[in-house]
Each structure stands twice: as structure tokens, then as C-alpha cells.
Amino acid sequence: MKKTRITLLLASVGISSVASAQSSVTLYGVVDPALVFVNNAQVGRSAGGLRGAQQYAMIDASTTAYAGSRVGFKGNEDLGGGSSALFVLENGFAANTGALGQGGLLFGRQAYVGLSNSGLGTVTLGRQYSSMIDYVSPLTSIVQWGGYITAQPDDIDNLGLTNRQNNAVKYATPTWNGLSANVLYSFGGVAGDVSRSQIVTFGAGYTGGPLRIAIGYLNAFDPNLSMWGSQPNAGGATTNNIGTLGSATTPEKNPVMAGYASAHREQIFGGGASYTFARATVGVVYTNTRFVGLGSNAGPDPLGYTGSAMFNVAEANVSYQVSAPLSLGASYSYTEGSGPVGNRAHYNQVNAGVHYALSKRTDLYMVAAWQRAAGVDSFNQPAVASINGLTPSASKQQVVDTLGIAHRF
Amino acid sequence: MNQKVLLLAAVVTVAALNPSAYAQNDASSGAAAAASPSAAPASAPPSSRKAMKAADRKLARAVRKAIEHVKGLDATRIAIVANDGSVTLAGSVPQAAQVDVAVQHAKAVPGVTSVTSRLEVGEIGP
């Protein structure tokens, strides 16, 4: 991203000119509304079952494809001796309506401040991405070319950036021969119960030559509150913040895992690798997500679940640079889930994308996804297709096609 | 299927946009290539389109090799397109300083007449 750089001349307000030479604040952002066609989106439920219909809409890329709209500021202040202070404040918004993103937060994407030393590493405090997202997400089609809809069904492993971590301290090591790692702790902040709603994540990666390898781990206590309860539009423990079964006149939301809102812990681990040729990059990613201790007081449990649920996901992806402006991407993923009452589901998804870069800053794109579901979902109902970010289908299949323009500044 | 028709439509649209969109951005490298047509690789002159394509691929692989073991440069998200000696670097690098490093090392590869950077800094994500 080419950034508009505003150098703050601290010397003019009487501060040492040595420090000011390296200090800067950068304004940056993305504007990306997408035109969306969905072949089948639920509208409600009648005696005969779920009802769905075709949908044509304009929706911000943060929940479709390709790059969510944002405005951000980031800055760096040289403190001398290889040390610096840094900050990032990044707002997410919907370009199609102007509304605040992330449930109404001002700096919903990222907000943190920290200290960095070239030999010791970096410590940051605020609302941040998990280590899992830092290391494993860049290996998926989501970050490379596909966006939110190419994540796994309902973003089951959070690699699609659905949830950010509030109240988080992160320590990142310097990079040593291509190796690096970071660890994050998110305070639950509940008086008298230290572990309530806490989150721990760590990740590590290696980059060398054509190869990139990464692993990540996340352990969230009371995920209905800590992971899905971190936005102002969320409720407390009596609300299912993950999703809903819907009603006669409203659709379901996140049926793949919303039945597990009463989990005491959510554990995700995963890893992947990518290999880059002259024009092509191929990658594979595997993740395992568990909802453990169902029936806890962290969220509603109308189906009376106890025990645990588990999801395994495998993805393979490829991107290919056809010419200087034109690139193509394709990916396939398989998700299998098993719940506490013998409810097993699996989902096949195929994604494809075309990007045409008019310049470094302006990109025309089309990303399409197809998903097919089978089995029984987290609500113990026949599984329906549920492409991430969309209203679920009323049937086993769902197709989405997005067309958009992403402009960076 | 619906999807395929739309995909085809987009590819056609994109192809139609191609020449005009490129006129400005590649002005410098295009002019350089036109001004020095003799700057093609020293090997036997390409006898056909196929041979030229093979030479382009070979050059792109040579650039790939040249940039991928440079200390302080993460080349895992750089895609390389070669066209008769002029090379374009697309994709992204993690830090702004790495753009120049990648361009410098690509320029040093024998047979490369010009390098155009389309590299972005950082991956933007959803």
C-alpha cells in the first residue's frame, strides 16, 4: 500500500531534532464496496421448513470480498538506541452505508500502542489480532486474494478475522534467520475470577527462499463472551453472541457452530505452508477447532448439550499472475464437524477469484464461492450451506458472486 | 452455470481494458523497451512466439532465484512477470524498504532491461 506520509516536525515544537528525523504518522485506508449475488439466502421458516430466496445487494467487503473498508493512522517515534514507540488506530466502516463496522466500534479493526527494540522485540497493548491470525491467515486464500467469503463455513477457525482480541498484551520476537514468534494474552478483567473470559494465543513462523511455514494456537475461555462478546452489539451470557436459530420471519445466523455458545473454552490450533514459484503460489492450511465444556454458564444452551464439539478443516489454494495487471486465484476446502449428540456435518467449498489491477492502488475484482453441506449442524438440524459473511442458504447449496473495486490510499 | 458466465464476462471486460489502462503506468518501461529493441537477451533470437514465451519464463525464474535468498527481503508474496527483458514485480512485501531491495536485485539479473514495481506494502486482508 502506498501511504500518504505526514512527517511531524517535532523540532518545531521544541523537541530534540534527532528524534524528529525518524518520527512519522501515516494515514492509510481502503474503500471497497462489493456488488453481491447470492443464489439462496434464508428469509425465515414455515411449517415446511426453511425458506430462502435470491439476493442482489451491495455489501461492504469486510463481510464479503475482497478487502474490508477502513481508515487508519499509524505512527512511529524513534527513541534512540534501536528503540521506538509505535501505535496503530484502525477504523472499519461500511463503504455502502457509511456506518461504523465491527458492531459500532470507532477503532474496531485495531487499536494499540507499544514499544519496539530491534534486539529485544515488540510489546503492544490494546485491541489486536491473535497470533493465529498474524501467522496462519496469510497462508489462506482469505488474505491473499479471496476475502471473507472464502473463509471456512461461518469462519469456524477465525482465520477470516471475525474476532479481534480486546484488552490484549502482545509480545513479538525479532525475526532471526527467517524465524519469528509472538504470544498474546487478553485479560478477562472479571473481579474475583482471573480466568473468566481470558484468551491466550501464540504463533510462530519461518520464511526463507520460496517457502513460508506457520503454526498458531488460540485458547479462549468463555468464547461467547470473550471472542464473540467483544463488540458493542453483543450481549451478556444470556445472549447467543455467535448466532441464532432464526424464526418464522428471520434467518439463522452461523448455524455451523452457534449451537455451541455455552462452551467453557474454545481451542483452535492450525498450521500451513506455502511455496512460491515465479508466477504462482501454492499453499495448504489445516486447522482444528474445539468447543469444550458445553453447558457452562458462558452462554445459552437451549438444546442441553454437554461434552464437546470439534471441527477439522483442510484447505488448498493457488494463485497465478497471468500478466502484470491480471491475477487468478482458486481454492478448495473441506470442513468436517462432530457435535456432542452424534450430530456430524461436513462442508465442501470451492472459491475462485480474478483481480485486475488498474494501478498499484486500484483493483477491480470478482470473487465467487460455492459451498455444499451435508449431515446435521450445531442446532441438531439438517445442515445448510453457510458461506462466511452471508445469510445461510435454506438448502444444502449456496453460490455467491461478488464484483467490486478496492481502492487503497 | 451462472457463475461461469459471469467469470467469463469479467475476464473479457478485463481483457478489453488492458491496453488503455497500461498506457500510463508502464510508460517509462515501455518507452525504454521501444528505444532499445536490441536489448533482448544475447542468446539466439527467438524464432517464434513459443520460443519468446520460453525465454520470458526462463528470465522470470532467474529473477525469482536472484531475489529469494536476499537477506532482509521476504519474497514469498512476489510474483514475477517477464516480457522480452522488461520485468514486473507484483504482489506484496511486508515493509516499504523491501520494495527497493527487490527492484535492485531484479535489475542486476543478466537479460533484464527494465523493472517495474507493482509491489504493495503489507497484505490487506478482509
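As the structure is a prediction and not an experimental result, all values here were calculated from the model.

The rules behind each value
Residues numbered from 1 in each chain as written. Chains lettered and ligands numbered in written order. Predicted model: local features only at pLDDT ≥ 70, side-chain atom pairs only at ≥ 80, totals over all residues. Helix = DSSP H or I, 4+ residues; strand = E, 2+ residues; numbered from the N terminus. Rg over C-alpha atoms; globule rule 2.2 N^0.38 Å. Buried ≥ 20, exposed ≤ 12 C-beta atoms within 10 Å, placed from the backbone. Contact = placed C-beta atoms within 7 Å. Pairing = 2+ DSSP bridges. Core = buried A, V, L, I, M, F, W, Y, C linked by C-beta atoms within 7 Å. pLDDT = per-residue confidence, 0-100. Expected span 1.5 Å × (residues − 1). Nonpolar A, V, L, I, M, F, W, Y, C, P; charged D, E, K, R; others polar. Axes fitted to C-alpha atoms, helices over the stretch in contact; angles between N-to-C directions. Parallel < 35°, antiparallel > 145°, perpendicular 65-115°, else oblique. Left-handed = near helix turned anticlockwise from the far one by under 90°.

Some thoughts on the overall build of chain A
- Helix and strand counts for chain A come out as 4 helices and 19 strands.
- Over its C-alpha trace chain A gives a radius of gyration of 22 Å, about what one expects of a compact globule, namely 22 Å for 409 residues.
- Within chain A, the fraction of its 409 residues that count as buried is 51%.
- When contacts within chain A are restricted to residue pairs at least 6 apart in sequence, those whose partners lie at least 24 apart make up 60%.

Here we look at the overall build of chain B
- Assigned secondary structure in chain B consists of 4 helices and 4 strands.
- Listing each helix as α and each strand as β along chain B from the N terminus yields α-α-α-β-β-α-β-β.
- The buried share of chain B, taken over its 126 residues, is 33%.
- In chain B, 63% of the contacts between residues at least 6 apart in sequence involve partners at least 24 apart.

Some points on the pairing of strand β14 (residues 280-294) of chain A
Residues and elements named next belong to chain A.
- Examined bridge by bridge, strand β13 (residues 265-276) and β14 share 12 bridges and lie antiparallel to one another. Residue A273 lies in a different strand from β14, and its bridge partner there is V284.
- In sequence, β13 turns back onto β14 through a hairpin of 3 residues.
- Both β14 and strand β15 (residues 307-321) contribute to a ladder of 13 bridges, which runs antiparallel. Paired with N288 across the bridge in β15 is N312.

Thoughts on the nonpolar core
- I149 and V400 of chain A are the most contacted members of the largest nonpolar core, which has 74 residues in total.
- Residues contacting I149 of chain A, with those up to four places away along its chain left out, are T64, A65, V367, A369, I387, N388, G389, L390, V400 and T402 of chain A.
- Grouped together as the second largest cluster of nonpolar side chains are 24 residues, A60, L89, A90 and A102 of chain B included.

Focus: the confidence of the model for chain B
Residues and elements named next belong to chain B.
- Per-residue pLDDT for chain B has a mean of 75; in total, 63% of the residues score no lower than 70.
- Per-residue pLDDT stays below 50 along residues 1-42; that stretch engages in 39 contacts with residues further than four places along the chain or on separate chains.
- For this predicted complex, the interface confidence comes out at an ipTM of 0.88, alongside a pTM of 0.87.

A word on helix α3 (residues 49-68) of chain B
- Across its 20 residues, α3 of chain B extends 28 Å between first and last C-alpha, which sits within 8% of the 28 Å expected from 1.5 Å per residue.
- Within α3 of chain B, the full set of buried residues consists of A55, D56, L59, A60, A62, V63, R64 and I67 of chain B.

Concerning the interface of chain B and chain A
- Counting from both sides, the interface comprises 30 residues of chain B and, opposite them, 40 residues of chain A.
- When residues of the side of chain B that touches chain A are traced back to their parent elements, those giving at least two are α1 (2-25), α3, β1 (78-83), β2 (86-93) and β4 (120-121) of chain B.
- The biggest single contributor to the side of chain B that touches chain A is α1 of chain B, with 10 residues.
- Each residue belonging to the side of chain B that touches chain A can be placed in one class, and the counts come to 16 nonpolar, 7 polar and 7 charged.

As for the environment of D301 of chain A
Residues and elements named next belong to chain A.
- Along the polypeptide, D301 turns up in the loop between β14 and β15.
- With 18 C-beta atoms packed within 10 Å, D301 lands in the partly exposed category.
- Spatially, the C-alpha atoms of D301 and G259 are 7.4 Å apart, while their sequence positions differ by 42 residues.
- Those residues in contact with D301, other than ones at most four positions away along the chain, are S262, L294 and G295.

Observations concerning unusual backbone geometry
Residue and element names in this part refer to chain A.
- Residue Y66 follows A65 across a cis peptide bond; omega there is 15°.
- Along the polypeptide, Y66 turns up in the loop between β4 (49-60) and β5 (70-80).
- Although it is not a glycine, D222 sits at a positive phi angle of roughly 50°.

Some remarks on the confidence of the model for chain A
- With 95% of its residues at a pLDDT of 70 or more, chain A shows a mean pLDDT of 94.
- In the model, residues 1-21 of chain A has pLDDT below 50 throughout and makes 30 contacts with residues more than four positions away in sequence or in other chains.

A closer look at the packing of α3 of chain B against helix α4 (residues 97-107) of chain B
All names here are of chain B.
- At a minimum axis distance of 9 Å, the contact between α3 and α4 shows a crossing angle of 130°. In terms of orientation, α3 lies oblique with respect to α4. The handedness of the crossing between α3 and α4 is right-handed. Packed against α3, whose contacting residues are V63, A66 and I67, the element α4 presents A102, H105 and A106 at the interface.
- Here the residues of the contact of α3 with α4 sort into 5 nonpolar, 1 polar and no charged.

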